[in-house]
Amino acid sequence: MIDIGPLRSGDRAAWEVLARGYKTFYRTTVPGDRYDETWRRLLSDADLHGIGARLDGRLVGIAHYLFHATFWSADACYLQDLFVDEAARGQGAARALIERVAETSRERGASRLYWTTKEDNTRARALYDDVARFHGFIRYDHPLD
């Protein structure tokens, strides 16, 4: 049985393993102090929010999300990071994390919940195609440095 709930201070080490796994999957490097800062922000639950999926009491998945203003409707929720430990995949953790973020978004009155993924992330996209709609948008990133 998957249990979904807020991240707790005792989750720090397990959270970082999952967060690093996420960053490795997307071939993104982050300095070590950014993990410390992100963890502090997640625990404050002020602007960034984090939840975890637990299987037999062990943290096996994480979701990070935030709410932001939009021009034409109520605030939107952006699910920025979603990652489940390889050994726990296929047991419903990712779906349960998405559903909890959706529930929180509804409670807050958000106009939409959305996320991005890589085109070749076929395993995740199979789930995403089941729980959401793909509207054909493609993301571009303009370098700022």
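As a reminder, the structure under discussion sits directly above these lines.
1. As for helix 4 (residues 122-131)
Among the residues of helix 4, Ala124, Leu127 and Tyr128 are the ones counted as buried. Projected onto a plane normal to the axis of helix 4, the buried residues spread over an arc of 100° and lie on a single side. With respect to the buried face of helix 4, the exposed residues turned more than 90 degrees away are Thr122, Asp129 and Asp130. Its buried side turned inward, helix 4 meets strand 4 (76-84) and helix 3 (93-108).

2. So, the sheet that holds strand 4
One key point about sheets: their strands pair by backbone hydrogen bonds, in either a parallel or an antiparallel sense. Sheet architecture is open: 5 strands sit in the order 1-2-3-4-5, paired in mixed fashion. With one partner strand each, in any of the chains shown, strand 1 (2-6) and strand 5 (112-114) form the two edges of the open sheet. When the angles between neighbouring strand axes are averaged without regard to direction, this sheet yields 25°. Both strand 1 and strand 2 (residues 49-55) contribute to a ladder of 5 bridges, which runs antiparallel. What sits directly across from Ile4, in strand 2, is Ala53.

How each quantity is defined
- Residues numbered from 1 in each chain as written.
- Predicted model: local features only at pLDDT ≥ 70, side-chain atom pairs only at ≥ 80, totals over all residues.
- Heavy atoms only, no water.
- Buried < 20%, exposed > 50% of the residue type's maximum accessible area, 1.4 Å probe, protein only.
- Helix = DSSP H or I, 4+ residues; strand = E, 2+ residues; numbered from the N terminus.
- Arc of directions from axis to C-beta.
- Contact = heavy atoms within 4.5 Å.
- Pairing = 2+ DSSP bridges.
- Axes fitted to C-alpha atoms, helices over the stretch in contact; angles between N-to-C directions.

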